[in-house]
Each structure stands twice: as C-alpha cells, then as structure tokens.
Amino acid sequence: MPQTPEEESLGSLVAQASSHISSLIRSEIELAKAEFRFDAKRVGTAVGMFAAAAFMAHLCLILASFTIGYALAQVMPHWLAFLIVTVFYLLVAGLLVFIGVRRLKGLAGMKRTTRSIKDLKEIATPDGEQAPALPALNPDREPVTRDGA
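The shown structure was predicted, so the numbers you read here are calculated from the model rather than taken from an experiment. (Residues numbered from 1 in each chain as written. Predicted model: local features only at pLDDT ≥ 70, side-chain atom pairs only at ≥ 80, totals over all residues. Heavy atoms only, no water.)

Details of the side chain of Ser-65
Okay, so step 1: Inspection of the secondary structure puts Ser-65 in helix 1 (residues 10-72).
Okay, so step 2: Accessibility expressed as a relative area gives 12% for Ser-65, which makes it buried.
Okay, so step 3: Looking at Ser-65, its side chain comes within polar contact range of the main-chain oxygen of Leu-61, at 2.8 Å.
Okay, so step 4: Setting aside anything within four residues of it in sequence, one finds Ser-65 in contact with Val-85 and Tyr-89. (Helix = DSSP H or I, 4+ residues; strand = E, 2+ residues; numbered from the N terminus. Buried < 20%, exposed > 50% of the residue type's maximum accessible area, 1.4 Å probe, protein only. Polar contact = N/O pair within 3.5 Å; in protein donor to acceptor, adjacent residues only side chain to side chain. Contact = heavy atoms within 4.5 Å.)

So this is what it looks like as structure tokens:
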C-alpha cells in the first residue's frame, strides 16, 4: 500500500529528490550535447563557406594584379609595370606586419586574471601558512618578458 507524503520517511524523500535531481542533470547534459552538435555542424559549414570565399577572393586578387600589370604595361615596359605591382604588394604586406607587431606590443597580459588567482590563493590558505609554490614546467628556460626577450 503506497504511503502518503506525510507518512514517507525523510530518507525516502531525500532518495527521491536525489533521483529527480540526477535525472534532471542527465537530461540537461543531453540537451547541451544535442545543442552543441547542432551548433558545431552549423559553425563547421559556415567556416567552410568562408574558406571557399577567401580562396575565391585570393584568386580575384591575383587576376586583378595581372590586370593592373597589363594596364600599366600599355604605357611602360612590361617588366617595370609588374615590378611596380609587386613593390606595391610588398609595401602593403610590410605595413600590415608593422601594424600587427605594434598591436602585439600593446598586449597587457592577463593582469586581472592573475590578480584574481592571487586573491583566491590568499583566501584559500589559512593564516600563517605558506601556499605551496607551483612547480616550474621548464626550469632551464627563462620566462618570457613583455618585449618577447
């Protein structure tokens, strides 16, 4: 004969609650996996489309370079026209490298994360005790500084 909720023991209520929570968590994990698979397929397809578009744009850049070279060749020798196009691309590439290096030098690192971890480390260690030092991964190597040296 089933018991009414008032008659059930605390242990059986806790067991039922635990069972319900476990099944709820398993269901949520399965839902997350299904959503992730669906999103991963869409992202993979989109990345493939972007890669194909980038390849096509690269081909167009090559053809445009030949077009510019041949247009310049109408008023100057062929070798000079194509040299001008080549030098232009080298200057653009050099400018992009320069800008990229400048942007990398401006990186500040993970200051807030480091500060947060230090604060957590201080909270986690009882007063008077030293927190154990983290082992060095490669003691024979010097740490990297901000300037990359």
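A closer look at the pattern of salt bridges
Okay, so step 1: Going through the model one piece at a time under the given rule, you end up with one salt bridge.
Okay, so step 2: A salt bridge links Glu-30 to Lys-33; the shortest N-O distance between them is 3.8 Å. You can see Glu-30 and its partner Lys-33 sitting in helix 1, three residues apart, about one turn around the helix.
Okay, so step 3: For Glu-30, a relative accessible area of 45% translates into the label partly exposed.
Okay, so step 4: On the basis of relative accessibility, which here comes to 42%, the residue Lys-33 falls in the partly exposed class. (Salt bridge = Lys/Arg side-chain N within 4 Å of Asp/Glu carboxyl O.)

So, the packing of aromatic side chains
Okay, so step 1: Enumeration over the complete set of coordinates arrives at three aromatic pairs.
Okay, so step 2: An aromatic cluster is defined as three or more aromatic residues linked by ring pairs; in this entry it consists of Phe-66, Tyr-70 and Phe-82. (Phe/Tyr/Trp six-rings, centres within 6.5 Å; stacked < 30°, edge-to-face > 60°.)

Considerations on the environment of Tyr-70
Okay, so step 1: Along the chain, Tyr-70 falls in helix 1.
Okay, so step 2: Expressed as a C-alpha distance, the spacing of Tyr-70 and Ala-81, which sit eleven residues apart in the sequence, is 7.2 Å.

What to know about a nonpolar patch on the surface
Okay, so step 1: A contiguous nonpolar surface patch, about 600 Å² in accessible area, is contributed by Phe-55, Met-56, Leu-59, Ile-62, Phe-66 and Tyr-70.
Okay, so step 2: With respect to the secondary-structure elements, Leu-59 resides in helix 1. (Patch = residues over 30% accessible without salt bridge, like charges linked within 9 Å, V, L, I, M, F, W, Y side chains within 5 Å. Areas by Shrake-Rupley, 256 points an atom, 1.4 Å probe, with all protein chains shown as cover.)

Digging into the packing of helix 1 against helix 2 (residues 78-105)
Okay, so step 1: Where helix 1 contacts helix 2, the two axes come as close as 8 Å, and the packing angle between them is 140 degrees. With respect to helix 2, the axis of helix 1 lies oblique. Crossing geometry of helix 1 relative to helix 2 is assigned as right-handed. For the pair helix 1 and helix 2, contact is made by Leu-61, Ser-65, Phe-66, Ile-68, Gly-69, Tyr-70 and Leu-72 and by His-78, Ala-81, Phe-82, Ile-84, Val-85 and Tyr-89, respectively.
Okay, so step 2: For the contact of helix 1 with helix 2, a count of residues per class yields ten nonpolar, three polar and no charged. (Axes fitted to C-alpha atoms, helices over the stretch in contact; angles between N-to-C directions. Parallel < 35°, antiparallel > 145°, perpendicular 65-115°, else oblique. Left-handed = near helix turned anticlockwise from the far one by under 90°. Nonpolar A, V, L, I, M, F, W, Y, C, P; charged D, E, K, R; others polar.)

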